[in-house]
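Topology and contacts: notes
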Amino acid sequence: MEGNVELLNRLEEARRKRLLEIWEVFKSNRVALIALAIVTVTVALSIAGPHIAPRDPYDFDLSRARKPPSPEYPLGLDEMGRDILSRLIVGARYTVGISVFSVVLGASVGSLLGLISGYKGGLWDAVIQRVNDILLAFPTILLAIALVAFIGQGVHSLVVAIAISSMPIYVRLVRASVLQVVVEDYVVAAKLLGLSSWRVMLKHVLPNAISPAIVQATYHMGLAILIASALGFLGLGVPPPTPEWGAMIGSGRTYLFSSPHIVLFPGLAIAITIISFNILGDTLRDALDPRSRALLRRF
Amino acid sequence: MKLVDVKKYFPLGFRIFGAGKYVRAVDGVSLDVYSGEFLALVGESGCGKSTLGRIMAGLIKPDSGHVLYRGVDLFKSLRDRSVRHKIQAVFQNPDSSLNPRMMVFDTLSEAILAKKPGLSRREVAEEALGLLKVVGLSEDHLFKYPGELSGGEKQRVAIARALAVEPEVLIADEIVSALDVSVRAHVLNTLIDIMEKFRLTVVFITHDIGLVWALADRVAVMYLGKIVEEGPVEEVLSNPLHPYTKMLLASSPSAKLVGMRVDERFKARGEPPSPIDPPKGCRFVTRCPIADKQCHIVEPKLERIGERKVACLKV
Amino acid sequence: MSRLLEVENLKVYYYLPQGVVKAVDDVSFTLDKGEILGVAGESGSGKSTLALALAGLIRPPGRIVSGRILFNGLDLTKLSEGEWRKIRGKRISLIFQDPNTYLNPVYATGFQVAEVYEAHRGGRIARYMDLVKDLFRKVKIADPERRVYSYPHQMSGGMKQRVLISMAIAEKPDLIIADEPTSALDVTIQAEIIELLRNIIKETGSTLIIISHDLALLLEIANRIMIMYAGKVVEVGNADEIARDPLHPYTRMLLETLRYERKKRLRAIPGSIPSLINPPSGCRFHPRCPARLPHCDRIEPKPLWEKGRVVACHLYGG
C-alpha cells in the first residue's frame, strides 16, 4: 500500500508540472508577459478604479477646459475640464467590463450551442443553425442598435446586446471544430464506455474543440470596445458623462487637431488593451494546446 | 455474435425521398462469431470491413438486417451499460486513440470507473497499474500525456482502456497498420497474451494476409461489401477456393514465403469497381480470370462447402 | 555489366537543435546498369535519406558531410543546383510513396507529366500531350486519351501511382529511385505496380533502386539487396542468396520476422531502433544482437567480402 501513496503523489506532481508548463510558455515569451501584465493592470483598474483615481472624474470646470498635460494633470483635461487620467482609470471598468462580460457571455452561450449543434446533429443542428444564420445576417452594429433600442439604454443592455450580436460566430466556429473532433477515436472510445452524451460532450469534445473560440474571443474583446464606443457615439451606449473610453473619444473628437491629447490618451488606452488581449489569446491558445507543448518539451 | 443479412449504405450528396446515390459499404453480410475465437476480417480498401467492424461494435446501426449478441438484439440492449461494455474496440490511428488533454491515468480511470463506479482513488490507481502491466507498459506511463508516447505505446494504452471494462469481444480494426513494422510484432504478441489471459473473442480487421495466417483461427474475406469466402484459416489460405482469395494470396509477398497456396493464374489485375455502382452479377467479374457469361448475370450466394463457405459460381 | 553508380563512404547528417542526426553514416555500395537493387531497412535506417542524397535533394539542416557519389563517373556530391536540374528527371528520376501528396490537385495529371518534358525540352506543355498519352499507355492506364485530362481526385490510388511512374520514365532516365512506391497501396494494386515496374525496367534498360521496409516485397523483385540499419550498411548481396543464407544477425532476424507460423507468436527483434543522434558504440546493432561478441560494443565492424557478399559484422572478421 505504500507504493500507492507514492503513486497518488506522483499524480499530483504530474498535474502540477502540467500547469507549470503552461506558465512556462508565457515566461519564455517576453511580449506575452508584457501583455499579461497590461491585462492584469487593466482588470485591476476595473475593480479598484474609483479608489485609485487622483481626482473626481466627473468634476468639470469649463474655465480650465482642454488644458494640455502638465505636472498637475499628467494627461491633461478634456473638453469639459475633467481630469483625463482619472477618467481613464475609472473608465476602465466600463470599457473593459463591457467588452469582457459581453464577449464571455456571447462566447459561452455560442460555444455551447455550437457544441450541441455539432455533436447531436439532426434536428438540433438544423434549428440552431437556421436561427444562427438569421442572427448572422444582420450587421453586428445594426443588431446591437436594434437590441439596445428594444431592451433600453444602459450598461447592462449594452452588454447583452453585444453578447447576442457576437454569439453567432462562436456557434459556427465551435460547430466546425466539434465536427472534426467528434470523429476522433478517443471520442468513439468514450461512447464505447457507455458514457452519457453530455459527459462525452463536455469532457472529451469541448476541451479539444474550444481552441478557435478562445482566440476569437480575445480578438472579439477588442471589437466589443469598438462597438460600445460606436453605440456611445450614437447616443445608445453608456449615458454621458460616464468616462467610458470610447465615449471619451467620441466627445473629444471635435478637438482632434486643436487639443489632440483629449482623444490620444483614451485611444492609446483602447489600442494597448486590445493588442494585449489579442496577444494573450494567442499565447493562451498555444499554451493550452498539448501538441505544441510537446514540441516545446522536446527542446 | 450472429450477423444476419446486415446492410449499411452511406448516402452521397442530397437524398430527397431516398433517391440518389449510395455507397454500399456493407451489402448483405451474414456472419457468425464464435466465443473465444480469433476471427480475421480481411480485405482491401473499400471492402467494408471497417464499417462491418463498427456495426459489430454497436457504433453504427445497420440499415437492414440483425446483429445478435448471445441471442439478443444488440442494438436494442446497448442502453444497458453492462452489455455496452461486453464489446469493445481499438482502432487504427494511434494519434487519435487517446484524448490529448488527458493523462494516461485519467484515460484509464475514466474507463475503470465506468465499469466500477464505487472504487476509491487508491483502488482505481491499483487497477490502472494492473492494466498497464498487462499491456506491457510501466508505472511511469501513468503520468504521461499522449504527446509523450510513441505510436506503439498509445495503441497499448488504447487496448488497456478497452480491457478496463472487462469485455468479452474485442474488435481490433487495423490496430498495427499505422505502426512501424518493428513495433507491430510486439503489440500483436501482447494482444495474443491478453486474449488468452482474459479469454477474449477477437475480431481482427486487417489487409495483411501474413498476419491472418499467423494469428487467426477463422477468416472471412470481404470484397465490395460482401463476404466471398469464409472458413478455418488452414483451409482457406492453403487451399483457397474463391478467385479473389487466390488473387490476394498471389499478390502478397509474404504468402509465398510462408506456405500459403499461390496460384500464378490469379495474379493481380484490374481495379476494384466503385462501391456506388457495383457490377451486375458477381462483383468480382471485372477482375476474375475465370469469369464466364453466367457470372455476369447471377450473383453468387455464400454456399457451404465442408467447413467453409464460398460465394462463387465456378466452385 | 557496366558500372552505373559508385557510392563511396557517404555521410549525410542532419544538424538539429537536439543534436546531429547521423542519418547516413559511411555508406558504400555499387550499382551496375540494368540491376534492380532493393534497399531494405526499418524506419531510422537511413534509406530515405540515401534516396534523397542520390537525387540531390538534401537540404538544410541536412548536409552531405563527406563521401562521393559517382554516377557514370560524375561526382554528384559536387554538383550545383543548376547542374542537378539537368540531371533530375532526365538521367535520374524518383518515384515517391504517396501519390496523393505528390500530385498537384488543381492540375490535370497529364499536364503534370508533360511538365517533365517542358522542363527539359522547353516550349509549351500543350505540345507534349501526345507523348504523355503514349506514356500513359505504357504504364497501362486505361483510356489514356481521356485520362491525361483527368484530375488526381478522379483517379484511384493505383492509377495515380502509375502517373508518378510515367513521370519518372518520361525522359528515359538511366537510374530510377523508387522510395516506398507501393506502401500506400492495397496489396493487389501493389502487385500490379511492382509487375509494371519490373516490365518497364526490362523494356527500357534503366536501373532501379527500390527502397522499402517490406523485405518480402524486395525479395520478390530485386536482383540484389542491401540491408541498412541505423545509418549503416549491414549486408549487400544477391537477393536469393541472402534469403537462403543470411549472414548478418540483423538480416537473419529480419527474415525470421517474415516467417509467420500458424498460431504462434510473431517473431520480433528484441529492443528498439536506436537513436541516430546517439547511436550505440561499436557495432550499432550490438544491444539487440544475440550473437554478440565481447568487442562488438567497442569496435565498429568494417564491411568485408564473404561468400560473394559484403557484410559488416565481427562474426566474419569485420
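Residues numbered from 1 in each chain as written. Chains lettered and ligands numbered in written order. Predicted model: local features only at pLDDT ≥ 70, side-chain atom pairs only at ≥ 80, totals over all residues.

Attention shifts here to the overall build of chain A. Within chain A, the regular secondary structure consists of 12 helices and zero strands. Sequence-ordered secondary structure for chain A, helices as α and strands as β, is α-α-α-α-α-α-α-α-α-α-α-α. Reported as C-alpha extents along the three principal axes, the dimensions of chain A are approximately 75 × 50 × 30 Å. Counting the 299 residues in chain A, one finds 43% classified as buried. Sequence-distant contacts in chain A: of pairs separated by 6 or more residues, those separated by 24 or more amount to 70%. (Helix = DSSP H or I, 4+ residues; strand = E, 2+ residues; numbered from the N terminus. Buried ≥ 20, exposed ≤ 12 C-beta atoms within 10 Å, placed from the backbone. Contact = placed C-beta atoms within 7 Å.)

A word on the overall build of chain B. Assigned secondary structure in chain B consists of 12 helices and 12 strands. Taken over the C-alpha trace, chain B has a radius of gyration of 21 Å; the compact-globule value for 315 residues is 20 Å, and the two agree within 12%. Seen through its C-alpha atoms, chain B measures out along the principal axes to roughly 70 × 50 × 35 Å. Pairs at least 24 residues apart make up 61% of the contacts formed inside chain B by residues separated by at least 6 positions. (Rg over C-alpha atoms; globule rule 2.2 N^0.38 Å.)

Moving on to the confidence of the model for chain A. Per-residue confidence for chain A gives a mean pLDDT of 85; residues scoring 70 or more make up 95%. Helix α12 (residues 290-298) of chain A is the least confidently modelled element of chain A, averaging 54 in pLDDT, while helix α7 (residues 185-192) of chain A averages 95, the highest of any element. (pLDDT = per-residue confidence, 0-100.)

As a further point, take the sheet that holds strand β9 (residues 224-229) of chain C. Residues and elements named next belong to chain C. Taking strand neighbours across the sheet as the criterion, the eight strands line up as β6-β7-β8-β3-β9-β10-β12-β11 in an open arrangement whose pairing is mixed. In this open sheet, the two strands that pair with only one neighbour each are β6 (92-95) and β11 (304-306). For this sheet the average axis-to-axis angle between neighbouring strands, irrespective of direction, equals 20°. Across four bridges, strand β3 (residues 36-40) lies against β9 in parallel orientation. Among the inter-strand pairings, L37 is bridged to a residue of β9, identified as R224. (Pairing = 2+ DSSP bridges. Axes fitted to C-alpha atoms, helices over the stretch in contact; angles between N-to-C directions.)

Bringing the interface of chain B and chain A into the picture now. Opposite the 30 residues of chain B that make contact, chain A presents 22 residues. Mapped by element, the contributors of at least two residues to the side of chain B that touches chain A are α3 (81-86), β6 (87-90), α4 (104-115) and α5 (121-134) of chain B. Of the residues contributing to the side of chain B that touches chain A, the split by class is 14 nonpolar, seven polar and nine charged. (Nonpolar A, V, L, I, M, F, W, Y, C, P; charged D, E, K, R; others polar.)

Residues and elements named next belong to chain A. Counted at 1.5 Å a residue, the expected span for helix α5 (residues 140-151) with its 12 residues is 16 Å, and the 16 Å between its end C-alpha atoms agrees. Every buried residue of α5 is accounted for by T140, L143, A144, L147 and V148. End-on, the buried residues of α5 take up no more than an arc of 130°, which puts them together on one face. Turned more than 90 degrees from where α5 packs its buried face, L142, A149 and F150 sit exposed. At its buried positions, α5 is contacted by α6 (155-181) and α9 (211-233). The first or second residue beyond α5 is G152, which carries a positive phi of 115°. (Expected span 1.5 Å × (residues − 1). Arc of directions from axis to C-beta.)

Of the residues in chain B, 98% have a pLDDT of 70 or more, and the chain-wide mean is 90. Scored as a whole, the predicted complex attains pTM 0.87, and scored at its interfaces, ipTM 0.90.

Residue and element names in this part refer to chain A. Where α6 meets helix α8 (residues 197-209), the closest approach of the two axes is 9 Å, and the angle between their N-to-C directions is 120°. Considering their axes alone, α6 and α8 lie oblique with respect to each other. Relative to α8, α6 is oriented so that their crossing is right-handed. Contacts from V174, S177, V178 and V181 of α6 reach α8 at V205, N208 and A209. Its residues assigned to classes, the contact of α6 with α8 shows five nonpolar, two polar and no charged. (Parallel < 35°, antiparallel > 145°, perpendicular 65-115°, else oblique. Left-handed = near helix turned anticlockwise from the far one by under 90°.)

The partner chain C presents 29 residues to the 27 residues of chain B that form the contact. Taken together, the elements giving at least two residues each to the side of chain B that touches chain C come down to α7 (181-198), α8 (209-215), α10 (243-251) and α11 (253-258) of chain B. Counting residues per element, the side of chain B that touches chain C draws most heavily on α7(B), which supplies seven residues. Per-class residue counts for the side of chain B that touches chain C are 12 nonpolar, nine polar and six charged.

All right, on to unusual backbone geometry then. Of the consecutive residues C:P60 and C:P61, the connecting peptide bond is found in the cis state with omega at 5°. Backbone geometry at B:L224 places phi at a positive 50°, although glycine is not the residue there. In this fold, B:L224 is placed in the loop between β9 (218-223) and β10 (226-232). Unusually for a residue other than glycine, C:K307 sits at a positive phi of about 55°. Checked against the element boundaries, C:K307 lands in the loop between β11 and β12 (309-311).

This part covers helix α10 (residues 245-252) of chain A. Burial of α10(A) is extensive: seven of the eight residues sit out of reach of the surface. Where the residues of α10(A) are buried, they touch α3 (84-120), α9 and α11 (261-288) of chain A.

Our next topic: the nonpolar core. A:V205, B:L41, B:A172, B:F204 and B:V212 are the most contacted members of the largest nonpolar core, which totals 272 residues. In terms of domain composition, this core takes at least three residues from each of domain 1 (3-91 + 171-316) and domain 2 (92-170) of chain C. The residues touching B:V212, leaving out its near neighbours within four places in the chain, are B:A40, B:V42, B:T206, B:V219, B:V233 and B:L237. (Core = buried A, V, L, I, M, F, W, Y, C linked by C-beta atoms within 7 Å. Domains from an automatic or database assignment.)

All names here are of chain A. By secondary structure assignment, the location of L158 is in helix α6. Separated by 44 residues in sequence, L158 and G114 place their C-alpha atoms 23 Å apart. Look past the residues within four positions of L158 in its chain and what remains in contact with it is I98, V148, A228, L231, G237 and V238.

Residue and element names in this part refer to chain B. Burial within strand β7 (residues 169-173) is extensive, with four of its five residues counted as buried. Examined bridge by bridge, β6 and β7 share four bridges and lie parallel to one another. When the sheet's bridge partners are listed, Q88 is paired in β7 with L170. The sheet contact formed by β7 and strand β8 (residues 201-206) spans five bridges and is parallel.

Our next topic: the environment of A:I274. Tracing the chain through its elements places A:I274 in helix α11. The residues contacting A:I274, other than those within four sequence positions of it, are A:G222 and A:I225.

Let us look at the sheet that holds strand β4 (residues 62-71) of chain C. Residue and element names in this part refer to chain C. The sheet built from four strands is open, its strands ordered β2-β1-β4-β5 with antiparallel pairing. For this open sheet the edge positions go to β2 (19-32) and β5 (74-75), each flanked by a neighbour on one side alone. Here strand β1 (residues 3-16) runs beside β2; their pairing, made up of 10 bridges, is antiparallel. Looking at β2, one finds that V12 is bridged to V24. The strands touched by helix α1 (residues 47-54) are β1, β2 and β4; relative to β2, the strand with the most contacts, the crossing angle is about 65°.

The subject of this paragraph is the pairing of strand β1 (residues 2-11) of chain B. Residue and element names in this part refer to chain B. Judged from the eight bridges that link them, β1 and strand β2 (residues 22-32) form a sheet pairing that is antiparallel. Residue V6 lies in a different strand from β2, and its bridge partner there is V29. One ladder, built from four bridges, connects β1 with strand β4 (residues 64-69); its direction is antiparallel. Bridging across to β4, L3 finds its partner in V67.

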